[in-house]
Amino acid sequence: MALVEPLDDEQLNRVWSPLLSPLAWDLGHIANFEELWLVRRVGGREPLRGELGRFYDAIENPRKVRGELPILRDEELRAYMADVRQRTLDVLEGVEIGADVEDPLLRDGFVYEMLLAHELQHNETMLQLLQLVDGYVPLRAEFGSSPDAVPQTPEAVTIAAGEHSIGAGPRGFAYDNERPRHQVELDAFEIDRIPVSNGAYVSYMEATGAEPPLYWERDGDGWIDTSRGQRAPIDRDLPVIHVSWEQADGFARWTGKRLPSEFEWEAAREQLDGIGHGWEWTSSHFLAYPGFEAFPYREYSEVFFGGAHRVLRGSSWATHPRVARPTFRNWDLPQRRQIFAGLRCARNA
Ligand SMILES: [Fe+2]
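Here we come to the sheet that holds strand β6 (residues 222-225). Overall, antiparallel pairing links the 3 strands, which are arranged β5-β6-β7 in an open sheet. Strands at the two margins of the open sheet, each flanked by one partner only, are β5 (216-219) and β7 (232-233). When β5 meets β6, the two strands line up antiparallel, connected through 4 bridges. Bridge pairing in β6 links E217 to I224.

Right, here's the structure in full:
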């Protein structure tokens, strides 16, 4: 609610982009998802608004149609969110969520962690949309540990050939797509210690005529950032964000390197700097790990597996630390630029 406090109802209901939901949909969906899993599944209670929930199903209602749906708006929306939260707290009072609980939904509080993560991930999606709102200033400070300045020519770290443990262990919260933890054999590789900077990306555009990142505009000899209606000069020392996978892949090839695979990224993570300003595109398609089991529902990750999406690792300035696990896998289509995503380069050693 702090994120949307500066906005009026018209701005909450408006369709800003076919790639992103109206903010009112995100808000109702967050509450409806909480109602579905905590109030109904765990608490065994009836829905507050009957069949309304189907309009908040993310798979049934793709982003480009969400502005047309008969969703809750304005005061009615805020009242529904408050009612759901009150019921959630009531259910929590009477529920067992310890390590010994038999129901895997409740063991270690899994479903509560899932709902927190879901809401925090939607906050990041909402911040993607808020890039389109003139004059918007996020109320919250940046979450990420960066943006530290990054050198234009990065130093690389070498990772020896060998087996690496990839993915989340059996305990604690993680999504189904991060499990099971398994061994992956990697050839020796080099990976840059830091992500690609805006300055390096400008050099790439000048040398090749490549497209600029989203929200960049030419201004005289330089480039400016026009997100949130601003006209701020590009800081050449910050990591580049708002580039597509195609742009990231093109940049890496131009330098004679390549994108790291997601396994290389995870294996090298302890030695990498500059994580936290932008997600990092990898060369990997979003696929199931060997022995994958969908839990607790197929539509979180299983329906996205295949060749269409590329994996991103790390986190961005808009990612809550609770979401930024070393094993967390983000994914999107290779042409998309609305996410806060950049890259770092790798090559065979
Ligand atoms: Fe969602």
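Next comes the rest of the account.
Take the sheet that holds strand β9 (residues 310-314) next. Strand order in the open sheet formed by 4 strands is β10-β9-β8-β11, with mixed pairing between adjacent strands. Strand pairing shows two members of the sheet lacking a second neighbour, β10 (330-332) and β11 (341-342), which therefore form its edges. Here 2 bridges tie strand β8 (residues 279-285) to β11, and the two strands are oriented parallel to one another. When the bridges of β11 are listed, E280 appears paired with G342.

Another aspect to go through is the packing of aromatic side chains. Enumeration according to the criterion identifies 25 aromatic pairs in this entry. With 6.4 Å between their ring centres and 70° between their planes, Y297 and Y300 make a pair best called edge-to-face. For the residue pair Y297 and Y300, the accessibility class agrees, reading buried in each case. Here R14 stacks its cationic end above the ring of W16, 4.1 Å away from the centre of that ring. The cationic tip of R310 hangs over the ring face of W245; the distance from NZ or CZ to the ring centre is 3.8 Å.

Within helix α6 (residues 245-254), 7 of the 10 residues are buried, which leaves it mostly tucked inside the rest of the structure. Every buried residue of α6 is listed here: W245, Q247, A248, D249, G250, F251 and A252. For α6, the elements touching its buried residues are α5 (198-208), β8 and β9. N-cap assignment for α6: the residue whose side-chain oxygen lies 3.3 Å from the backbone N of E246 is S244. Following α6 by one or two positions, G256 adopts a phi angle in the positive range, close to 85°.

What follows is about unusual backbone geometry. Cis rather than trans, the peptide bond between R179 and P180 has omega equal to -10°. Among the secondary structure elements, P180 is positioned in the loop between β2 (162-166) and β3 (182-186). In the segment running from F295 into P296, the intervening peptide bond is cis, with an omega of 0°. Checked against the element boundaries, P296 lands in the loop between β8 and α8 (298-301). Positive phi, close to 55°, is recorded for D108, a residue that is not glycine. Looking at the secondary structure, you find D108 in the loop between α3 (74-93) and α4 (110-130). A relative accessible area of 30% means that D108 is categorised as partly exposed.

Another aspect to go through is the nonpolar core. Ranked by size, the top nonpolar core spans 49 residues in total, and within it W37, V111, M114, F251, W281 and L343 carry the most contacts. Only α2 (23-42), α4, α5, α6, β8 and β9 provide two or more residues apiece to this core. A per-element tally of this core places α4 first, with 7 residues. Formed by 32 residues, the second largest nonpolar core is a distinct cluster that contains L52, I71, A318 and F340.

Definitions and limits used
- Residues numbered from 1 in each chain as written.
- Predicted model: local features only at pLDDT ≥ 70, side-chain atom pairs only at ≥ 80, totals over all residues.
- Heavy atoms only, no water.
- Pairing = 2+ DSSP bridges.
- Helix = DSSP H or I, 4+ residues; strand = E, 2+ residues; numbered from the N terminus.
- Phe/Tyr/Trp six-rings, centres within 6.5 Å; stacked < 30°, edge-to-face > 60°.
- Buried < 20%, exposed > 50% of the residue type's maximum accessible area, 1.4 Å probe, protein only.
- Lys NZ or Arg CZ within 6 Å of the ring centre and 35° of its normal.
- Contact = heavy atoms within 4.5 Å.
- Polar contact = N/O pair within 3.5 Å; in protein donor to acceptor, adjacent residues only side chain to side chain.
- Core = buried A, V, L, I, M, F, W, Y, C linked by side-chain atoms within 4.5 Å.

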